[in-house]
Each structure stands twice: as C-alpha cells, then as structure tokens.
Amino acid sequence: MSDQGDLLEQMRRSLGDKEDVYEDAQTESKMLMQGLKDLDRDPNMKANRAFMEWLAEEGVYVQTESTWGRAPHPLVISSTTEDDGETCGRGLLARESLSEGELMMTIPLDLCLTRAGAQEIFGQEVIPDNMDEYIAISLLLMTEKLKGASSRWKPYFDVLPDAAEVYPSYIWADEELELLRGSPVYAASKSLRNKLEREYEEVKTRILDRYPAKFPNAEKYSKELFLWTFVMLFSRAARLSLKIGGEELALVPYADLMNHNPYSRTYIDAQRSGMPLISRTEEVAVYSDRPYKQFEQVFISYGEKGNADLLLLYGFALERNPFNSVEISVGLSREDPMYEQKKGYLDRSGRGLASVRFPLQGNRYPSELVDFLRLLLVEPEDLGMQPLQTTDFNEPISPSLERRVLQTLGSICESYLEQYATTVEQDEALIMDKGMFATLSRQARMAIKLRASEKKILQATIAASKEELLKLPSVQAGSGDKVVPAGRTFDTMREKANVVDAVNTRDMTAWVELKGQKQIRGEGKSDESAAERRRRRRKDSRR
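As the structure is a computational prediction, the values presented were derived from the model and not from experiment.

(A) Quick peek at the overall build of the protein chain. A count of helical and extended segments in the protein chain gives 20 helices and 12 strands. Burial statistics for the protein chain: of 543 residues in total, 47% are counted as buried. By sequence separation, contacts in the protein chain at least 24 residues apart represent 69% of the contacts at least 6 residues apart. Total accessible area on the protein chain is roughly 28300 Å²; 50% of this is exposed by carbon and sulfur atoms.

Structure, rendered in structure tokens:
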C-alpha cells in the first residue's frame, strides 16, 4: 500500500465510518502529500540536499544520525532565514539544542578555495606568491564556475547566491546610489566599483590574454562573472589567522552559509586536526559561542563592522549595530599662513599632505583626531616661544586652541549633516512606520538604516564636543593674559583665574580642509547656522 493509502487507512480506523469526517481527513491528506511533493521539487531544497551529500563525499561529517561514539551533526540548512526584520537567504539552524563551545563543523582545508589552490591548478607562473589573494581566488572561481557539472565544487556553487541576491552597494545602479547621497558610503561605492572595473581590465590583459592555454575561451571570463566572484569573496571569504603557515584568505564551503550577527563571538578559523601540537594536518573549525535552542539560527561574526562596511561589502545594514561609525576626513589647507611649517611637520611624521580619515563612534571620537586638529588649528599665539617642530600635539597646548579644536569638530559634523537630503527625524519616522517601511525597496530600507545611524553618530559627536567645551577653562579675549606654554595639562589651565567666555574674532574652522566637501571658512558664510538650516528644512518638509 502507498504511503498515502497507509495514512488514510489509519485515519479510517481511528475516525470510524463517519463519512464527512473521513472525507475531510482524506482531503487534508491529499493536500499534505501534494505539499511534500512540491517541497521535493523545490530547487533550493534539492540543491541543499545535493550539497550535503557532496560534503559527506568530501569527508565532512554531516551525518543526521548517531554513529559509533559520535553524535549527529548539529546543524541543518535553511533556504530562507530572517534577521533584523529582513530576509537573509540561506543560513544554518541548530538541529538540536547546542551548548556553548560545542564544535559545530570541521572542513578539510583542501576543500576551501584559496590562492594556494589556484597555484596548484594554474601554476606559479600564472599565480605567483605575490599575487593578490582576491585576484587569485577570483581566477579559480571563474574557471571552476565555467566548468559547470565537471567542476569539483559544482554542488557548492549551486547553493551560492547570485550578485543581485547579495547586492552590495558598489553594484547598485546610479539612481539607487542616490539614496546614499551625503553618506561616505556613496563615494566609497563608486570608488570600489571603478576599482573593480580597472582590475578586470588588468586581469584580462595581463593574465587571461597572456595565458590562453590556461584560460581557453577567454571571452567567457566576462566582467559580470568577475564581479560575481568579488561579491562572493567580499561577502563570504574568511581570514584563517591561525593557519600554521601564516594567515590565508579562503572561501570555506558550508561554514560560509552562516549569517552575521554583531553580538556573535563565533569565527571561522583553522586548527590542527587529530592530536593537538603533534598533527601537522589542518582543517577549518567552527565552535558555538553560546547555547542555542533547537531550530534557532546559528550566527557567526564577520568582525566588528559598522553599517557602512556591511552595506558596502555585504549588502545589508542593521537597525541596531554596536559597531556603527562615521568616517570624517580632514587635511591641511594651503591657505593656512603656517602651511609650510605644518607641511614640514607632517612630512617628518610620515603623514604627508593627504587627508586623514578618522572614525566617529557614538559619542566617542579618537584622540588622534584631536591631536591632528590641534596641529591644523594651532597659531603662533598658542605656541608662545615653543617651536612648532618640537611641539607635542598629544597634549593640550592652550585653552584657546582646545576650544577651537572642539568647536571645529562640531562644525565638521554639522557640515557632514548638511550633505544629506533628509534629516535623522525623517529617516527614523520611516523606520518606525513599519507598514510604510515594508513597502520600500530593499535598497531604500538599507539606505535609510545606514543614513539614520550615521546622522545619530554625528549628532552625538556634536553634543559630546559641546559637553567637553563646558569643561574647559574660559579664556578672556583681548586681555594681556600670558599664554599657557605648550605641553601644559588641563590641571594647570584650570588654575588660571580668567573665567569669562572667549570671543573669537574669526571663524575657528579656518585652515581645515574637508575631503570631498567645500572647505569650512568664515568668509562669506551665511548668518544662518547649520543647525538652523536643518530645523528650517524639517519645518518646510511638514508643510
């Protein structure tokens, strides 16, 4: 008797001869059996099953039942997962409950795609040791992908997403990139896309065309295929830092199906297989960082990455991300009267004249940014008799300079906020309106999450700089007060008697050049402050 017949007979015995109940059960049974048949025809499920069979053939322990002295494999593939209110594609779930520190999987190193693997296939002449690992693995990926069914990694490729499923911001259409206008990710996305296009032309000229025997049908190595390999590498490759021969970049089949959570402490890395300290054989291992319940999604960490990195390289942004940051770029202006002296100082320190980028996180800003702004804003009056070349900018120099540094930091953040087309209040209103938010495109949702997180950091930095200003000893303008010598601490400054507010006769942000934005200068500025302009825009948007 068929499975469906067995099921119906059991129902008949349990339900008796009540035809109406039996007919309902028969209808439900047919629907259930049809659903199972549809599930079996699901291409994602079939690809998952073929992939797991391939892993077993390649020596990966994925048994679903206990074997002698070994528990079943603790994970299962889910074709669709969800996190932070967004679908995440494939992911791994706990088959049963997991303990903290439990070994979840081991993958043989020779199953991973690495530069060393590319060298074995193409030879050292084509893939020298100094070739960029991303380029080397990209060539391997393209070649194996083009082999189709004859590739060793065919079942692995069948569970990988296409570029559009990941959709990092550097492959967004130009009109989609406009959603990021004002964010540093806007320029970074365009820059990375242009770089990859240049890299493709280099690879085509210097490798594909040069070694036709190794890369037959070079025309099939298209720009689209090259771009797909980098989408996979940027979003999935792991840095094996514990490898015996030194760290190595690798695509690790199966382990790379695990999705990111910023609070996870699980990482993909190498370890010795067999007996520790004795075995020279290596494998990739993944351990659980905490207990997991049955069918709970198991996460790894891609590293301490803010939304900017996540959207640029992985195609998503998180509403709550403890590693969010905004990079600001500042540099020395040629209009600075002390330009030559400061240029010499920077040259001797190895920084040169290029703009320097600094990350802002929450209400925290790096001390290196303060040190750099001290140099950019210092004036002869701040230094007194101290030569600039011997000045230590890691220490406060004068109350007046410290005040200008903090005011400039706030003005820089105001300038960055001015670049966005919307306010943080408008972005947060969209996020809070769940119904409206869900109707937006995925790109729009990700862009709004990114913009809101960046604007909140900029606003928090402005508030923090104002708070620090209140802690400074005030400086009496126009008095004959002596200048505090270079290198003095705030304790010394606070002993000074002058406690009235300082009045600057010129804009404190002169001589600071902002990369990618107009220079902040006092001349010709509107009387309306940046904050007032934002408030006016919010008021206009409500009309």
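Don't stop here, the text continues.
(B) Layout of helix 9 (residues 184–208). In a regular helix each residue adds 1.5 Å, so 25 residues correspond to 36 Å; helix 9 covers 34 Å between its end C-alpha atoms and thus fits that length. Here helix 9 has its buried residues at V185, Y186, S189, L192, R193, L196, Y200, V203, I207 and L208. Elements in contact with the buried residues of helix 9: helix 5 (133–147), helix 8 (174–177), helix 10 (223–236), helix 11 (307–314) and helix 18 (442–471).

(C) Structural view of the pattern of salt bridges. For the structure shown, the criterion picks out 29 salt bridges. The partner of E247 in a salt bridge is R239, and the shortest N-O contact between them spans 3.9 Å. Given the relative accessible area of 51%, E247 is considered exposed. With a shortest N-O distance of 3.0 Å, E468 and K471 are connected by a salt bridge. Of the two residues, E468 and K471 both sit in helix 18, 3 residues apart, roughly one turn of that helix. Using a relative accessible area of 30% as the deciding quantity, one classes E468 as partly exposed.

(D) Inspection of the sheet that holds strand 3 (residues 103–108) at higher detail. Spatially, the 3 strands line up as an open sheet ordered 3-8-7, and their pairing is antiparallel. Two strands lie at the open edges of the sheet, namely strand 3 and strand 7 (269–272), each paired on one side alone. The average angle at which neighbouring strand axes cross in this sheet is 40 degrees, direction not considered. Looking at chain direction, strand 3 and strand 8 (residues 282–287) are connected through 5 bridges and run antiparallel. Its bridge partner lying in strand 8, T106 is registered against A285.

(E) The arrangement of the pairing of strand 8 in detail. By the criterion of burial, strand 8 is predominantly enclosed, with 5 of the 6 residues buried. Note that strand 7 and strand 8 share 4 bridges and pair antiparallel. Residue pairing across strands places A270 opposite V284, the latter belonging to strand 8.

(F) Representation of the nonpolar core within the structure. Among the nonpolar cores identified, the biggest contains 93 residues, and F51, L139, Y156 and Y254 are the most heavily contacted of them. Setting aside anything within four residues of it in sequence, one finds L139 in contact with F122, I127, M131, V203, I207, L208 and F215. Counting 34 residues, the second-largest nonpolar core is a separate cluster that includes V330, M338, L375 and F393.

(G) Representation of unusual backbone geometry in the model. Positive phi, normally seen in glycine, also occurs at D84, with a value near 55 degrees. One non-glycine residue with positive phi stands out, namely Y167, at about 55 degrees. Within the fold, Y167 resides in the loop between helix 7 (163–166) and helix 8. Given a relative accessible area of 17%, Y167 falls into the buried group.

(H) Examining the side chain of S183 more closely. On the secondary structure map, S183 appears in the loop between helix 8 and helix 9. A polar atom in the side chain of S183 sits 2.9 Å from the side chain of E454. Filtering out sequence-adjacent residues up to four positions away, S183 remains in contact with Y420, L450 and E454.

(I) Geometry of the packing of helix 5 against helix 10. At a minimum axis distance of 9 Å, the contact between helix 5 and helix 10 shows a crossing angle of 120 degrees. By the angle between their directions, the pair helix 5 and helix 10 is classed as oblique. Crossing of helix 5 against helix 10: the hand is right-handed. Where helix 5 abuts helix 10, its residues Y134, I135, I137, S138, L141, M142, K145 and L146 lie against L225, F226, W228, T229, F230, L233 and F234. When the residues that make up the contact of helix 5 with helix 10 are grouped by side-chain class, the tally is 12 nonpolar, 2 polar and 1 charged.

Cut-offs used in this document
- Residues numbered from 1 in each chain as written.
- Predicted model: local features only at pLDDT ≥ 70, side-chain atom pairs only at ≥ 80, totals over all residues.
- Heavy atoms only, no water.
- Helix = DSSP H or I, 4+ residues; strand = E, 2+ residues; numbered from the N terminus.
- Buried < 20%, exposed > 50% of the residue type's maximum accessible area, 1.4 Å probe, protein only.
- Contact = heavy atoms within 4.5 Å.
- Areas by Shrake-Rupley, 256 points an atom, 1.4 Å probe, with all protein chains shown as cover.
- Expected span 1.5 Å × (residues − 1).
- Salt bridge = Lys/Arg side-chain N within 4 Å of Asp/Glu carboxyl O.
- Pairing = 2+ DSSP bridges.
- Axes fitted to C-alpha atoms, helices over the stretch in contact; angles between N-to-C directions.
- Core = buried A, V, L, I, M, F, W, Y, C linked by side-chain atoms within 4.5 Å.
- Polar contact = N/O pair within 3.5 Å; in protein donor to acceptor, adjacent residues only side chain to side chain.
- Parallel < 35°, antiparallel > 145°, perpendicular 65-115°, else oblique.
- Left-handed = near helix turned anticlockwise from the far one by under 90°.
- Nonpolar A, V, L, I, M, F, W, Y, C, P; charged D, E, K, R; others polar.

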